[in-house]
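# Architecture and fold: a report
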Amino acid sequence: MPYKERVRRQYTINGVVQGVGYRPFVFRLATELALSGWVRNNPSGVVIEVEGSLLNIENFENCHLHNIPPNAMVDLFKVKELPLQNDHAFKIIESDPKTASLVSIPPDRAVCFECLIEMNDPANRRFRYPFINCSHCGPRFTIITGLPYDRPQTTMAQFELCNTCGDEYKDPLDRRFHAQTLACAECGPHLELWDCKKRLLASHDDALKQAVEAVKKGGILALKGLGGFHLIADASNEKAVETLRQRKHRPRKPFALMMVSLEEAINHCEISEPEAVLLQSPQAPIVLMHKKNNSGLTEAVAPGNPYLGVMLPCTPLHHLLLQELTTPIIATSGNRSNEPICIDEHEALECLFGIADVFLVHNRPIKHRADDSIVRVMSGANSILRCGRGYAPLSFSLNQEQAVGSRKSALAVGGHLKNTVALAIENKLILSPYIGDLNSVQACDVHEGLINNLSDFYKVKPDIIARDKHPDYASTRFAELTDKTIIPVQHHYAHALSCLLDNTIEPPALAVVWDGNGYGDDGTVWGGEFLSISKDRYERVFSLRPFPMPGGDAAAKNPALAAFGLLHEAGIQGYSGFSHEEQTLLQQALKKNINCPLTSSMGRLFDAVASLAGLTEENSFEGEAAMALEFAAGQTAESYPFELVERIVDWAPMLHGILWDLDNNTATSIIAGKFHNTLAAIIVSIAERAGQQQVLLTGGCFQNKLLLESAVEKLIAAGFEPFWHHRIPTNDGGIAVGQIMAALKVKQFGKQ
Ligand code: ZN
Ligand code: ZN
Ligand code: FE
């Protein structure tokens, strides 16, 4: 066909293509190539029709695929030939808000480099404007009220564009062409500084300057950010950090830090290449990195922890704040312990009363909560430990076999701790942002609200609901109150399936699922499991030798109770972690089996060993004792003996080894190192017995970098293919994904 001949083609593009400047990009390209036609958002992405010479159309196709906007991701690019229409111009057609949408909800983006330059340029009309953004950056998910993504369906709808902003919006050559969230000081949101009685202290730039002064003086600032409030304090001021710990009732759990730049972060942390990339990414997550010895920050930031959780400023407002401060700041979630992050300034006054001294707020409403995401680089790859701002909502494409039947949908309500929910519609699976532990009425309300919001976004009413097998989880009770078909899913099976999806692999596989606890098929508490995963089912092939947990759930808070139970099971009476009277009571409880449930939990084994090694007295937050054991571990090639008897991993030989080492004053670092080596050796020996090539490492215990990396290394050396988590959290934040995948395997559902 001659290149001059006129043709018309239609392109259907799916993926992350809304809210990322896709239509303006197509408009510019088509106009430059003198093509006519149109582009518009459709329920599952973008549709384009172009007409012009074959040469120009082929150029359009090539340039298109090589230059898609930086935050876009194309899953599907379909081309169709059409009859000519002989139109003359190229236009952007507005979306039809009534059509149901299957498009990915765009996540929030940190402020881009070009916007930052403008914000710091005194000659620019947005100089020091804390809400500057463009087609490539700024809030998205957290302000979206409906799909498709257009300004009227965001919380920016209430701000009418001024003439200058309106011109930018309409000018195809402008960076803000069709930027749905654009604003300026004249027409957009503004700052206010309030005291804790809601008295206005200052507004606009003065509010920011006074907030800076408050932090400099050691005060605690509540700042309304992108996905919720941050509590901010000067990280070099020990008294300020201690005050924040007291007021938040958070004795030791590490605080996240925000630093002005990568250079500043390098002053405090050892930063690898992938960590530097993550820090500067548009997701701007908290990255867990090794602290430098001379970091100069107060120990109160992360007591006893060799790692720091650091992020760079994600919004222009955070940039302005940090530019005026000379030190890194604590930037922790603005909530009361056990409650979800606050998003509304009026609500914050109440829930952060007595914690924050002043409140830096603004009038751009936050529609959806998104906590800061947390990422750790392990075995050279990113692992998202908390999926929030920048990543959420995460979407995955399901293959034909996995997909829900057409026009059907499934919901998963998640677990209990670190809860998230998930929704599957046709061939799409969406994981919600992190909600938190469902321990409070507030958290349960947020859980329910998020489920409703996600269902509304996609205009679906889920046909089935997947839940954890645990009968008493708040998420279970929520599911049971609906009139839907409920599918209970075993906790550790859900972990395994989420790991499969994360790695886009198919069974068969051996899943090593280690965590704190999950309701087992036999009604006991599981957590040290080896599951053989086949296409439609799982089998528990090995598990940790069960031991009693005196006090039941209390053992999760008190590692000495786990140690007492472990020793008891091994026939060793008494433990110096308790007084004589306490020991008598515990012995009686164990003898009469009063509130001493059996567990095969690896998390509790970590607790017990940390307690025996004298590393910890209390879990003031989930995983504290296990972290202490990870951090204590030193280099050693040695390990402890263990036994595999029938389907049980017997830890008793290891326990005796640890007690012998303790009696002989072996260094704690060696004991902790040998313990980790033993666990990796157990994984390899069971992999050898199970004979599966693919080995999944999943569950909260694999947030432990040392454990994960040594297991990966030893599995590879033994000829296995290990898989672990990258996008879906390995902890209970990933459970919802596995629940859905299990529910979709239920045959009668969805497929005709
Ligand atoms: Zn920008
Ligand atoms: Zn304006
Ligand atoms: Fe779990």
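This one's a predicted model, so the numbers in the text were calculated from it and none came from an experiment. (Residues numbered from 1 in each chain as written. Chains lettered and ligands numbered in written order. Predicted model: local features only at pLDDT ≥ 70, side-chain atom pairs only at ≥ 80, totals over all residues. Heavy atoms only, no water.)

### Details of the overall build of the protein chain
- Assigned secondary structure in the protein chain consists of 21 helices and 32 strands.
- Over its C-alpha atoms the protein chain spans a radius of gyration of 27 Å, differing by no more than 12% from the 27 Å that the globule rule assigns to 752 residues.
- Expressed as a percentage of the 752 residues in the protein chain, the buried residues total 60%.
- The long-range fraction of contacts in the protein chain, counting pairs at least 24 apart against all pairs at least 6 apart in sequence, stands at 71%.
- As displayed, the protein chain offers around 29400 Å² of accessible surface, 51% of which is attributable to carbon and sulfur atoms.
- The positive charge centre, built from 70 side chains, and the negative charge centre, built from 85, are 4 Å apart in the protein chain. (Helix = DSSP H or I, 4+ residues; strand = E, 2+ residues; numbered from the N terminus. Rg over C-alpha atoms; globule rule 2.2 N^0.38 Å. Buried < 20%, exposed > 50% of the residue type's maximum accessible area, 1.4 Å probe, protein only. Contact = heavy atoms within 4.5 Å. Areas by Shrake-Rupley, 256 points an atom, 1.4 Å probe, with all protein chains shown as cover. Lys, Arg positive; Asp, Glu negative; His and termini not counted. Charge placed at Lys NZ, Arg CZ, Asp CG, Glu CD.)

### Points about the coordination of the iron ion (ligand 3)
- Surrounding the iron ion (ligand 3) are the protein donor atoms His491 (NE2), His495 (NE2), Asp515 (OD) and Asp732 (OD), which sit 2.1 to 2.3 Å from the metal.
- Bound by four donor atoms, the iron ion (ligand 3) shows angles of 86 to 171° at the metal and therefore irregular coordination geometry. (Donors = N, O, S within 2.8 Å, 3.2 Å for Na, K, Ca; no water. Tetrahedral: all angles 85-135°; square planar, octahedral: opposite > 155°, others 65-115°.)

### Focus on the coordination of the zinc ion (ligand 2)
- Bound to the zinc ion (ligand 2) on the protein side are Cys162 (SG), Cys165 (SG), Cys184 (SG) and Cys187 (SG), at distances that span 2.2 to 2.4 Å.
- Of note is the zinc ion (ligand 2), whose four donor atoms meet at the metal with angles of 105 to 116° in an arrangement that counts as tetrahedral.
- Every donor residue of the zinc ion (ligand 2) comes from the same chain, spaced as C-x2-C-x18-C-x2-C. Taken as a pair, Cys184 and Cys187 share a single burial class, namely buried.

### Quick word on the pairing of strand 9 (residues 229-234)
- With six of six residues buried, strand 9 is to be regarded as a mostly interior element.
- Side chains of strand 9 alternate between two faces, with Phe229, Leu231 and Ala233 and His230, Ile232 and Asp234 buried alike.
- One ladder, built from four bridges, connects strand 8 (residues 221-224) with strand 9; its direction is antiparallel. Within strand 9, the residue paired with Lys224 across the bridge is Phe229.
- Adjacent in sequence and paired antiparallel, strand 8 and strand 9 are bridged by four residues, among which Gly228 carries a positive phi angle near 155°.
- In this sheet, strand 14 (residues 329-333) lies alongside strand 9 in antiparallel orientation, the contact comprising five bridges. Residue pairing in the sheet places Leu231 in a bridge with Thr332 of strand 14. (Pairing = 2+ DSSP bridges.)

### Structural notes on the layout of surface pockets
- Put simply, the second largest pocket is a space of about 560 Å³.
- Around the second largest pocket, the lining comprises 24 residues; the ones closest to its centre are Val16, Met73, Leu394, Ser395 and Arg727.
- Of all the secondary structure elements, the ones that give two or more residues to the lining of the second largest pocket are strand 1 (6-16), strand 4 (73-82) and strand 18 (394-397).
- With four residues, the top contributor of residues to the lining of the second largest pocket is strand 18.
- Looking at the lining of the second largest pocket residue by residue, the classes come out as twelve nonpolar, eight polar and four charged.
- Shared between two domains, the lining of the second largest pocket takes at least three residues from each, and those domains are domain 1 (6-92) and domain 3 (393-492 + 735-749). (1 Å grid on protein atoms, 1.4 Å probe; cavity = no way out; pocket = protein on both sides within 12 Å on 5 of 7 lines; lining within 4 Å. Points joined across faces, edges and corners; volume = space filled by probe spheres on them. Nonpolar A, V, L, I, M, F, W, Y, C, P; charged D, E, K, R; others polar. Domains from an automatic or database assignment.)

### Concerning the pattern of salt bridges
- Within the structure shown, the criterion is met by 41 salt bridges.
- A salt bridge links Glu51 to Arg6; its shortest N-O distance comes to 2.9 Å. Taken as a pair, Glu51 in strand 3 (residues 45-53) and Arg6 in strand 1 lie far apart in primary sequence, 45 residues in all.
- Judged by relative accessible area, which is 0%, Glu51 ranks as buried.
- Residue class for Arg6 comes out partly exposed when judged on its relative accessible area of 34%.
- Where Glu299 meets Lys291, a salt bridge forms, and the shortest distance between an N and an O atom there is 3.4 Å.
- Taken together, the shared-partner salt bridges in this structure form one network comprising Arg6, Arg8, Glu49, Glu51 and Asp87. (Salt bridge = Lys/Arg side-chain N within 4 Å of Asp/Glu carboxyl O.)

### Observations concerning the domain arrangement of the protein chain
- When cut into domains, the protein chain gives domain 1 (6-92), domain 2 (191-362), domain 3 (393-492 + 735-749) and domain 4 (509-725).
- For domain 1 versus domain 3, the separation of C-alpha centres amounts to 35 Å.

### A few points about the side chain of Thr616
- Within the fold, Thr616 resides in the loop between helix 16 (602-612) and helix 17 (624-632).
- What makes Thr616 buried here is its relative accessible area of 14%.

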